[in-house]
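The chain contents come next:
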Amino acid sequence: MFDTILGLLRRGQTDEAARLAATAPGEWLPRWAAGEPLSRGLHQVHHLRDLIFGVRLDATHAWAASSDTIHRIDRTDGTVETVPLEARYGYSPDVVFVGDTLVTVAEDRLLVWEVRTGRLLVSTDPDDIPGPAGKLCALDAAGGVAVTGTANGYLLLWDLTDGRRLAKVAAHDGYVNTVAVSVDEPAAVLSIGGDQPSEVRFWTLDGLRPTAGPAATGAEAACGAWTDLGGARRAVTVDYDGVLRIWDPRTATALATFPTGARVRDALAFAGPAAVLPSGRFVRIVDLTTGAVSGVLRTTFELDADHVTVHGRTVFVTQFGSTEGRVNLLDLDALEPADPRGDLPSDRLDCKAAVPTGTAIVGVGSDGLTWFLDPDTGRPVRDPAGSPRFPMGQRRLFRLTVDGRETLVAVASTNITVLDPDGTVRHPEQRSPFAAVLCSAAADDTGPVPLVAALDPAGNIAVWDVRGMRLHAHRRGRRTGRIRQLALGAGALLIGESDGHVRWLDPTDLTETRAPRRVAKSPVTALSVLATAVAAAAGTVVATYDIRSTERVGPPLAHPAPVRGLLVAEFDGAPVVVTGCEDGSIRIWDPVAGACLERFPAPLRVDQLVAAGPGRITVLTGGVLVQIAHF
């Protein structure tokens, strides 16, 4: 999609390119992730800022449920709407979407909500759980009923309309970790539980009567679900070591056993005659007739993939155990070959700081390795193992021109490290006397002396002369926590304060040189300088000033939610302001006119806007460097 649009733009067919981009903008966002290519089938990636317990996918939307919110994601444009639940239920091992309702369990009750409004429809009586059963710990629901498993091996059948308990059975001799309901013929329940090795058992949906004796898998089964194979209803289980079994529910016998190589947690889905298995940071596709691995889909996750569901040729998958709420929408028609080592990912930059240079984007990893990346592909242009190494713990990275040579400067705590073009690493002889925690940093090479400034949480400021590697100036904080941000440019040091003011200081002696300007009645959260333009973000407002006169340039730039990222860049010779907003969008502004030139969905959490230019914007998000396309 991106290549097609880019080709149209290069041929001057801008109207046709705009129409094509508007049809499915999520299909060309983002372009790459540093050090490891994104899946060719990646449609959308979101950070919902919530721990996700259950998912659903239909023709128009992807749905994700947390402990107090339902997130609805538009599959066309990536916009996210939220529906708060009427009563928070806390942690739950299983959450199921059933028709227009959401079903989950707390430890002592079953709960049902209306998806559209978040209204609580049913909350069962804790006294309906038999005393010996223990807490509720597993769930599945379909056809107007739910089956729950308990910590002491019981299965309980519930009516979803009024919350009545319809049946109970002591099913296992220990914890029930999986329940799966089938309402098709035969209407049945699959349960997995008991001490290792776990037992697989089958029950009638009407009355929870056993259809056959228990079957031991010889291993700990991680998950189970129902599907149709060759016109017959079959149950499928997968062990934690990736062994997949297909079961006849009438006899509780395994009809086929396949080693898949997957590293499964506790979820699987189906796409026709194939199983869709989360496996590490991948989704693994396994043919249920042969056991062959058809291929994998690569996620953007840092942790293992977890909940997964399929609609048509689209997969919706979540990251396990993270309050970031990372989710991906992936295309099954864009499979990559499976790695014979078990989907082990290739090297990827765990990025702590990044900066664009003349020929590459440079990132520093948590291990101190320096990565030089092709700005078009995100792939390393040289072997990171042979690149210069910064000390570990760098948090900001800058590119300065010192004596006509491009020099990299990294800041950790309130001390600096300089990487010269020849690979020499230099440190100042005099270390800062301030705290060892970095709050903000800035750099400037437009004046007679190339400078780097750093700020600690106590409000202490230190300024270094990069050429002479000496402490140029320093000032102890006057009020702890008052100063939030720093910026350098055009012979001025700017500080953003917690009361919404921006102050101008002389970087030579750190005395105030201009009257302060107030952005808004919120703490200043970001500053960015390019040439003589400085932008400041406070809450939902961004203001632009002339750094020399301190006069406001254009009207305030208003946003619907707080601004997380801020960057002044140059497009076609004119300054623009790029913002990352908590509404899940990136905006490009004309600061003079105060007009939003472009807004596009970028639900990646924007920790830092690294670089911006026509056609692409590079952001740092959760330790991953990602480039996003735009027009």
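Residues numbered from 1 in each chain as written. Predicted model: local features only at pLDDT ≥ 70, side-chain atom pairs only at ≥ 80, totals over all residues. Heavy atoms only, no water.

## Focus on the overall build of the protein chain
To keep things clear, this is the line we draw: In this description a helix means any DSSP run of H or I spanning at least four residues, a strand means any run of E spanning at least two, and both kinds are numbered starting from the N terminus. Working rule for contacts: check all heavy atoms of both residues, and any pair within 4.5 Å makes them a contact. Values of accessible area rely on a 1.4 Å probe in the Shrake-Rupley scheme; residue burial ignores everything except the protein chains shown.
On a plain count of helices and strands, the protein chain comes out with two helices and 55 strands. Across the protein chain, every contact between residues at least 6 apart in sequence was considered, and the portion connecting residues at least 24 apart equals 44%. Approximately 24,800 Å² of the protein chain is accessible, and the part contributed by carbon and sulfur atoms is 48%.

## What about the pairing of strand β42 (residues 492-497)?
Put simply, the rule is: Remark: exposure states derive from per-residue accessible area (1.4 Å probe, protein chains only) relative to the maximum for the residue type, with buried under 20%, exposed over 50%, and partly exposed in between. Any two strands with at least two DSSP bridges between them are considered paired.
Most of β42 is tucked away: six of the six residues are buried. Burial along β42 is two-sided: the residues Ala492, Leu494 and Gly496 and Leu493, Ile495 and Glu497 are all buried. In terms of strand pairing, strand β41 (residues 483-489) meets β42 through six bridges, oriented antiparallel. Looking at β42, one finds that isoleucine 483 is bridged to glutamate 497. Between the end of β41 and the start of β42, which pair antiparallel, lie two residues, with alanine 490 showing a positive phi angle near 50°. Looking at chain direction, β42 and strand β43 (residues 501-505) are connected through four bridges and run antiparallel. When the bridges of β43 are listed, leucine 493 appears paired with leucine 505.

## Comments concerning the environment of threonine 300
Along the chain, threonine 300 falls in the loop between β26 (293-298) and β27 (305-311). Under the relative-accessibility criterion, threonine 300 is labelled buried at 8%. With 261 residues separating them along the chain, threonine 300 and serine 39 place their C-alpha atoms 8.3 Å apart.

## Overview of the sheet that holds strand β31 (residues 361-365)
By way of backbone hydrogen bonds, the strands of a sheet pair with one another, either parallel or antiparallel. Going by this rule: Between N-to-C directions, angles cover 0 to 180 degrees, with each direction set by a line fitted to C-alpha atoms, over the stretch in contact for helices.
One open sheet holds the three strands; their spatial order is β30-β31-β32, and the pairing between them is antiparallel. The open sheet has two edge strands with one neighbour each: β30 (351-356) and β32 (370-373). Going from strand to strand, the sheet's axes swing by 20° on average, the running direction of each strand aside. The sheet contact formed by β31 and β32 spans four bridges and is antiparallel. Paired with isoleucine 361 across the strands is leucine 373, a residue of β32.

## Details of the sheet that holds strand β14 (residues 165-170)
The strand order β11-β12-β13-β14 describes an open sheet built from four strands, whose pairing is antiparallel. Every other strand in the sheet has two partners, leaving β11 (136-142) and β14 as the edge strands with one partner each. Neighbour to neighbour, the strand axes of the sheet diverge by 15° on average, direction disregarded. Bridge count for β11 against strand β12 (residues 145-150) is six bridges, and the pairing is antiparallel. From the neighbouring strand, alanine 138 faces β12, where its bridge partner is glycine 149.

## Here we look at the packing of aromatic side chains
Put simply, the rule is: The rule is short: rings of Phe, Tyr and Trp, with Trp giving its six-membered ring, pair when the centres are within 6.5 Å, and they are stacked under 30 degrees, edge-to-face over 60, tilted in between. Placement of a positive charge over a ring is assigned whenever Lys NZ or Arg CZ falls within 6 Å of the ring centre and within 35 degrees of the normal to the ring plane.
Under the defined criterion, the tally for this structure stands at four aromatic pairs. Between phenylalanine 202 and tryptophan 247, the aromatic rings sit 6.3 Å apart at their centres with planes inclined by 55°, giving tilted as the arrangement. Remark: tryptophan 247 occurs in strand β21 (residues 243-248) and phenylalanine 202 occurs in strand β17 (residues 199-204); sequence separation between them is 45 residues. In this structure tryptophan 247 comes out as buried when scored by relative accessible area, which is 3%. Here the aromatic rings of tryptophan 504 and tyrosine 545 are separated by 6.0 Å at their centres, their planes lie at 90°, and the arrangement is edge-to-face. Pair noted here: tryptophan 504 is in strand β43 and tyrosine 545 is in strand β47 (residues 541-546), with a separation of 41 residues, a long-range link. Judged on exposure class, the residue tryptophan 504 and its partner tyrosine 545 are both buried. The rings of Phe202, Trp226 and Trp247 are connected pair by pair, giving a single aromatic cluster. One cation-aromatic arrangement involves arginine 56 over tryptophan 63; the distance from NZ or CZ to the ring centre is 4.7 Å.

## Some details on the pattern of salt bridges
Our working rule: We define a salt bridge as a contact between a side-chain nitrogen of Lys or Arg and a carboxyl oxygen of Asp or Glu at a distance within 4 Å.
Across all of its chains, the model carries 26 salt bridges by this definition. Salt-bridge contacts for arginine 616 lead to aspartate 376; the nearest nitrogen and oxygen are separated by 2.3 Å. With a gap of 240 residues between them, arginine 616 in strand β54 (residues 616-621) and aspartate 376 in the loop between β32 and β33 (396-402) connect regions that are remote in the sequence. Overall, the relative accessible area of 43% leaves aspartate 376 in the partly exposed class. Linked by salt bridges that have partners in common, Arg482, Glu497, Asp499, Arg503 and Glu512 make up one network.

## Notes on the pairing of strand β29 (residues 326-331)
Across the six residues that make up β29, a large majority, six, are buried. Alternating residues of β29 divide into Arg326, Asn328 and Leu330 and Val327, Leu329 and Asp331, and every residue in both groups is buried. Two strands pair when backbone bridges link them, and strand β2 (residues 42-47) and β29 are joined in this way by five bridges, in the antiparallel orientation. The residue of β29 that forms the bridge with histidine 47 is arginine 326. Bridge analysis of strand β28 (residues 314-319) against β29 gives five bridges, and the strand direction is antiparallel. When the bridges of β29 are listed, phenylalanine 316 appears paired with leucine 329. The antiparallel pairing of β28 with β29 creates a hairpin that spans six residues between the two strands, and glycine 321 there sits at a positive phi of about 60°.

## Quick word on the confidence of the model for the protein chain
Rules: For every residue, the predictor reports its confidence as pLDDT, a number between 0 and 100.
Scored by pLDDT, the protein chain has a mean of 86; 90% of the residues are at 70 or more. When pLDDT is averaged over each helix and strand of the protein chain, the minimum, 46, is found for helix α1 (residues 2-10) and the maximum, 97, for strand β13 (residues 154-159).

## As for the side chain of aspartate 465
What counts is decided by this rule: Polar contacts, as used here, are pairs of N or O atoms within 3.5 Å; protein pairs need one atom able to donate a hydrogen and one able to accept it. Residues neighboring in sequence count only if both atoms are side-chain atoms.
With respect to the helices and strands, the residue aspartate 465 is situated in strand β39 (residues 461-465). Of note is the side chain of aspartate 465, whose polar atom sits 2.9 Å from the backbone nitrogen of arginine 467. Excluding residues within four positions of it along the chain, aspartate 465 makes contact with Val449, Pro450, Leu451, Arg470 and His472.

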